[in-house]
Amino acid sequence: HVHLVESGGGLVQPGGSLRLSCAASGFSFSSVAMSWYRQAPGKERERVASISSAGGSRNYADSVKGRFTISRDNAKNTVYLQMNSLKPEDTAVYYCNSGWGYSDYGRLAWGQGTQVTVSS
């Protein structure tokens, strides 16, 4: 049973920081490239960051590059997203799932996500 649990979201002011966590279970986490996705109201879900299975490669959407950092701890079956210099347009529900390149945009069961709200 695949289970993805996101946490760490909250309300922050513009320019603030937040660290999201995704606890994974039910699959071979260490062999799967993982990504963070977000979806704002009325908008399509978008991938914001990806990390290879061993953590050696990372990719970011242009909108977050330089501000967000994805990392993972395979011993803990957890992937993280450090978000700095947050902007109101970062407001969305953030999800984790598998993801890498054009072939994988989330093939696991989706979790509930965690809400990130950036507002003054």
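Residues numbered from 1 in each chain as written. Predicted model: local features only at pLDDT ≥ 70, side-chain atom pairs only at ≥ 80, totals over all residues. Heavy atoms only, no water.

Asker: A description of the pairing of strand β3 (residues 18–25) should follow, citing residues and the corresponding values.
Answerer: Where strand β1 (residues 3–7) lies against β3, five bridges are found, and the strand directions are antiparallel. Its bridge partner lying in β3, Val-5 is registered against Ala-23. (Pairing = 2+ DSSP bridges. Helix = DSSP H or I, 4+ residues; strand = E, 2+ residues; numbered from the N terminus.)

Asker: Describe the sheet that holds strand β9 (residues 92–98), and please don't skip the residues or the numbers.
Answerer: Taken in spatial order, the six strands line up as β2-β10-β9-β4-β5-β6 in an open sheet, and their pairing is mixed. Every other strand in the sheet has two partners, leaving β2 (10–12) and β6 (58–60) as the edge strands with one partner each. Strand-to-strand twist of the sheet, defined as the mean angle between neighbouring strand axes without regard to direction, takes the value 25°. Direction of pairing for strand β4 (residues 34–39) relative to strand β5 (residues 46–51): antiparallel, over a ladder of five bridges. By the bridge assignment, Arg-38 is partnered in β5 with Glu-46. (Axes fitted to C-alpha atoms, helices over the stretch in contact; angles between N-to-C directions.)

Asker: Summarise the nonpolar core; cite the residues concerned and give the values.
Answerer: The biggest cluster of nonpolar side chains holds 29 residues, and the ones touching the most others in it are Trp-36, Val-79, Leu-81, Met-83 and Tyr-94. Elements that contribute at least two residues to this core include exactly β3, β4, β5, β7 (68–73), β8 (78–83), β9 and β10 (114–118). Of the residues forming this core, the biggest block, four residues, is contributed by β3. Among all residues touching Leu-81, those that are not within four sequence positions of it are Leu-18, Arg-19, Leu-20, Trp-36, Val-48, Ala-49, Phe-68, Thr-69, Ile-70 and Tyr-94. (Core = buried A, V, L, I, M, F, W, Y, C linked by side-chain atoms within 4.5 Å. Buried < 20%, exposed > 50% of the residue type's maximum accessible area, 1.4 Å probe, protein only. Contact = heavy atoms within 4.5 Å.)

Asker: Break down the environment of Leu-108 for me, citing the residues and quoting the values.
Answerer: With respect to the secondary-structure elements, Leu-108 resides in the loop between β9 and β10. Residue class for Leu-108 comes out buried when judged on its relative accessible area of 12%. In the structure, Leu-108 is positioned 100 residues away from Gly-8 in sequence and 21 Å away in space, judged by C-alpha atoms. Excluding its chain neighbours within four sequence positions, the residues that come into contact with Leu-108 are Val-2, Leu-4, Phe-27, Asn-97 and Ser-98.

Asker: Which residues make up the environment of Tyr-37, and what values go with them?
Answerer: If you trace the backbone, Tyr-37 turns up in strand β4. In sequence terms Tyr-37 and Phe-68 are 31 residues apart; their C-alpha atoms lie 12 Å from each other.

Asker: An account of the state of the cysteines is requested, with residue identities and associated values reported.
Answerer: In this structure the tally under the stated criterion is one disulfide. The disulfide bridge from Cys-22 ends at Cys-96, spanning 1.7 Å between sulfur atoms. One quick way to see it: the torsion about the S-S bond of Cys-22 and Cys-96 is about 50°, and its sign makes the bridge right-handed. Separated by 74 residues along the polypeptide, Cys-22 in strand β3 and Cys-96 in strand β9 bring together distant segments of the chain. In this pair, the class of Cys-22 matches that of Cys-96, namely buried. (Disulfide = S-S within 2.5 Å.)

Asker: If you had to explain the pattern of salt bridges to someone new, which residues and values would you point to?
Answerer: Across all of its chains, the model carries four salt bridges by this definition. Residues participating in the shared-partner salt-bridge network are Arg-38, Glu-46, Arg-67 and Asp-90. (Salt bridge = Lys/Arg side-chain N within 4 Å of Asp/Glu carboxyl O.)

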